[in-house]
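Architecture at a glance
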Amino acid sequence: NAPRRQILKLAPGVIDLARAQTLVPATEDAIPISFFGEDPLCFVGDRLYVRYLAGGPSRLRAFSLDGKPAGDVPLPEVASVDEFEPVGADLAYNVETYLTPGRFYRLSRGQSIPTALQVTSPVKFDDVEVVRQFATSRDGARVPVNIIRKKGLRLDGSHPALLYGYGGYGINQTPGFLGGVRRVWFDAGGVYAVANIRGGGEYGEEWHRNGMLARKQNVFDDFIAAAELLVKEKYTKPARLAIRGGSNGGLLVGAALTQRPELFRAVVAQVAMLDMLRFEIDPNGVFNVTEFGSVKDPAQFRALFAYSPYQNVRAGTKYPAVFFSTGENDGRVNPMNSRKMTARLQAATTSGLPIFLITTDAAGHGLGSPLSVQIDQMADYTAFLFDQLGMTLP
């Protein structure tokens, strides 16, 4: 009964949760679900350390063994802590940001000491900064948007911008080092943004549930609100705004381009879910009914039909340029989604802008793809965006 989660304690040998006591109560920040085996807490001496998500960025907090707050571990404002564990009497924890790769720190007697254990990169972002703003969605929800930009950027609406989102399965979009392709993007004058929209777990399970099943439209509304924020705050304009997403994020950008085609100049949809009325009949589809719903349920069918990108393409509409990519061997999302949507948009659009499809025979859904394939795919969609947004390198 704590959608943002709390920590309970039981006496040894007691397995009845009705007899549990609250050790650390729930707060406005969420204790995240572990997807890859990371523990959300650890004990170091007489301290309990708990990792929280504050809408995407991490917070690392200390408590006494009876649950009393004992202060926060110092972190950058927009950062991730994905590993932390005891090392003797100290706490070791890994910090990563959009602009710096992961580095372990050691908390010793209240002092945070950087260690030599770190990831290094030839890519530097000393001239780039992160600004965290909030968009207002259609129903009033406040949606965090992480905007990464060159320092001193003039807000005159002229810059090419790329907005990324996911919004599903309770998966969190947390700060992670951007790497080489974004360095090229900033050098060409671009702005990059990541939206912490509903469907993820950045504010706990309630944030997730308000973006699933019949509430899935909230996800698209949040993303559109983030795009409108970039225009309103004069980072960019629709003629220079692009969006990108993959898999469930491909559904996201597919819905955005069919619901608000005038808001975007270019769209990158990778291994995307696009025909939501037939998705569940694929071998992997049955596992996704709990997230999206089923056409067999009348209310869920109406919700799916209302936003399914393929069913909502309208002839005679000026659609943005679109770059679809899929893997020939994708067992998670049937490649027919991208193929059908490509053909449908090519037949319907009147903008004169290209609708591209690239199918990679050496890839599936993207997990485990060879590095050479990953580089090719990144180069392809980046070249597409440079072309469509009129970008050039200095």
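Here goes a summary of the coordinates provided. If you're wondering where the values come from, they're calculated on a predicted model, not measured in any experiment.

1. A word on the overall build of the protein
Broken down by element type, the protein carries eight helices and 18 strands. Against the 2.2 N^0.38 benchmark of 21 Å for 394 residues, the protein shows a C-alpha radius of gyration of 22 Å, consistent with a compact globule. Buried positions account for 54% of the 394 residues belonging to the protein. Summarising the internal contacts of the protein: among those between residues at least 6 apart in sequence, 63% fall at separations of at least 24. Computed over 42 positive and 39 negative side-chain charges, the separation of the two mean positions in the protein equals 5 Å.

2. Topic: the packing of aromatic side chains
Under the counting rule described, the total for this entry stands at 11 aromatic pairs. Residues Trp185 and Phe386 carry aromatic rings whose centres are separated by 6.1 Å and whose planes lie at 65 degrees to one another, so their mutual orientation is edge-to-face. On the criterion of sequence distance, the pair formed by Trp185 in helix H1 (residues 180–187) and Phe386 in helix H8 (residues 371–389) is long-range, its members being 201 residues apart. Each of the two residues, Trp185 as well as Phe386, counts as buried. Ring plane angle 75 degrees and centroid distance 4.9 Å describe the contact between Tyr203 and Trp207, whose orientation is recorded as edge-to-face. One exposure class covers both Tyr203 and Trp207, and it is buried. Taken together, the ring pairs connect Phe125, Phe177 and Phe186 into an aromatic cluster. Between the NZ or CZ atom of Arg61 and the centre of the ring of Tyr52, over which it lies, the distance is 4.9 Å. For the cation-ring pair, Lys340 lies above Tyr310, with the distance from its terminal atom to the ring centre recorded as 4.5 Å.

3. Re the side chain of His159
Tracing the backbone shows His159 in the loop between strand E12 (142–150) and strand E13 (161–164). Within the structure, His159 has its side chain in polar contact with the backbone oxygen of Arg154 (distance 2.5 Å). Look past the residues within four positions of His159 in its chain and what remains in contact with it is Leu153, Arg154, Gly189, Val191, Tyr235, Thr236 and Arg240.

4. Section: a nonpolar patch on the surface
Together, Leu8, Leu10 and Leu17 make up an exposed nonpolar region whose accessible area comes to about 270 Å². Along the polypeptide, Leu8 turns up in strand E1 (residues 7–9).

5. Re the side chain of Asp221
As for its placement among the helices and strands, Asp221 is situated in helix H3 (residues 217–232). With relative accessibility at 10%, the residue Asp221 sits in the buried group. Apart from the residues within four sequence positions on either side, Asp221 is in contact with Ser137 and Arg138.

6. A look at the nonpolar core
Of all hydrophobic cores here, the largest spans 52 residues; its most connected members are Leu163, Phe223, Ile243, Phe324 and Leu345. The residues contacting Leu163, other than those within four sequence positions of it, are Ala193, Val194, Ala195, Phe223, Ala226, Ala227, Leu230, Ala242, Ile243 and Arg244. Core analysis: the next-biggest nonpolar cluster, separate from the first, contains 26 residues, Phe125, Val268, Phe323 and Phe384 among them.

7. Remarks on the sheet that holds strand E11 (residues 128–136)
By way of backbone hydrogen bonds, the strands of a sheet pair with one another, either parallel or antiparallel. Spatially, the eight strands line up as an open sheet ordered E11-E12-E14-E13-E15-E16-E17-E18, and their pairing is mixed. The strands lining the two open edges of the sheet, one partner per strand, are E11 and strand E18 (355–360). Across the sheet, the mean angle from the axis of one strand to that of its neighbour is 20 degrees, orientation sign disregarded. Sheet analysis places E13 next to strand E14 (residues 191–195), joined by four bridges and oriented parallel. Residue pairing for E14: Leu162 is matched across the bridge by Tyr192. Here H3 sits on the sheet and contacts E11, E12, E13, E14 and strand E15 (241–246); the angle it forms with E11, its principal contact strand, is near 120 degrees. Seen against the sheet, helix H4 (residues 248–259) touches E15, strand E16 (266–270) and strand E17 (321–327) and runs at an angle of roughly 145 degrees to E15.

8. Focus: the pattern of salt bridges
Enumeration over the complete set of coordinates arrives at 18 salt bridges. Close ionic contact of Asp222 with Arg198 constitutes a salt bridge, the shortest N to O distance being 2.8 Å. Highlighted residues: Asp222 in helix H3 and Arg198 in the loop between E14 and helix H2 (205–209), separated in sequence by 24 residues. The two residues Asp222 and Arg198 agree in class, both being buried. A single salt-bridge network, built from bridges that share partners, covers Asp127, Lys150, Arg183 and Asp187.

Conventions used here
Residue numbering note: each chain is counted from 1, following its sequence as written. Only residues with pLDDT of 70 or above have their local features reported here, since the model is predicted, and side-chain atom pairs are shown and tallied only from 80 upward, although totals for entire chains, interfaces and linings are computed over all residues. Each side-chain value is derived from all of the structure's non-hydrogen atoms; neither hydrogens nor water enter the calculation. In DSSP terms, a helix is any run of H or I states spanning at least four residues, a strand is any run of E spanning at least two, and both are numbered starting from the N terminus. Only C-alpha atoms enter the radius of gyration, while the globule expectation follows 2.2 Å times N to the 0.38, with N the number of residues. Exposure is judged per residue with a 1.4 Å probe applied to protein chains only, and the accessible area is read against the type maximum: over 50% gives exposed, under 20% gives buried, and values in between give partly exposed. Contacts: residue pairs with any heavy atoms within 4.5 Å of one another. For the purpose of counting charges, residues Lys and Arg are taken to be positive, whereas Asp and Glu are taken to be negative. His and the chain ends are not included. The location of each charge is read from NZ of Lys, CZ of Arg, CG of Asp or CD of Glu. A pair of aromatic rings is counted whenever rings of Phe, Tyr or Trp (Trp by its six-membered ring) have centres within 6.5 Å, and the orientation is called stacked for planes under 30 degrees apart, edge-to-face for over 60 and tilted otherwise. Note on criteria: charge over ring means Lys NZ or Arg CZ within 6 Å of the ring centre, with the direction from the centre no more than 35 degrees off the ring normal. Between N or O atoms, a polar contact is any pair within 3.5 Å; within protein, one atom must be a potential hydrogen donor and the other a potential acceptor, and residues adjacent in sequence are included only when both atoms are from side chains. In this analysis, a patch consists of residues with relative accessible area above 30% that form no salt bridge, clustered at 9 Å for like charges and at 5 Å for the nonpolar side chains Val, Leu, Ile, Met, Phe, Trp and Tyr. Using the Shrake-Rupley algorithm and a 1.4 Å probe, accessible areas are obtained, with residue cover drawn only from the displayed protein chains. Any Lys or Arg side-chain nitrogen found within 4 Å of a carboxyl oxygen on Asp or Glu counts as a salt bridge. What we call a nonpolar core is a set of buried Ala, Val, Leu, Ile, Met, Phe, Trp, Tyr and Cys residues that are connected through their side-chain atoms within 4.5 Å. A pair of strands is considered paired only if DSSP assigns at least 2 bridges between the two. Under this scheme, a helix contributes an axis fitted over its contacting stretch, all axes are lines through C-alpha atoms, and angles between N-to-C directions fall in the 0 to 180 degree range.

That's the geometry; what it means functionally is another story.
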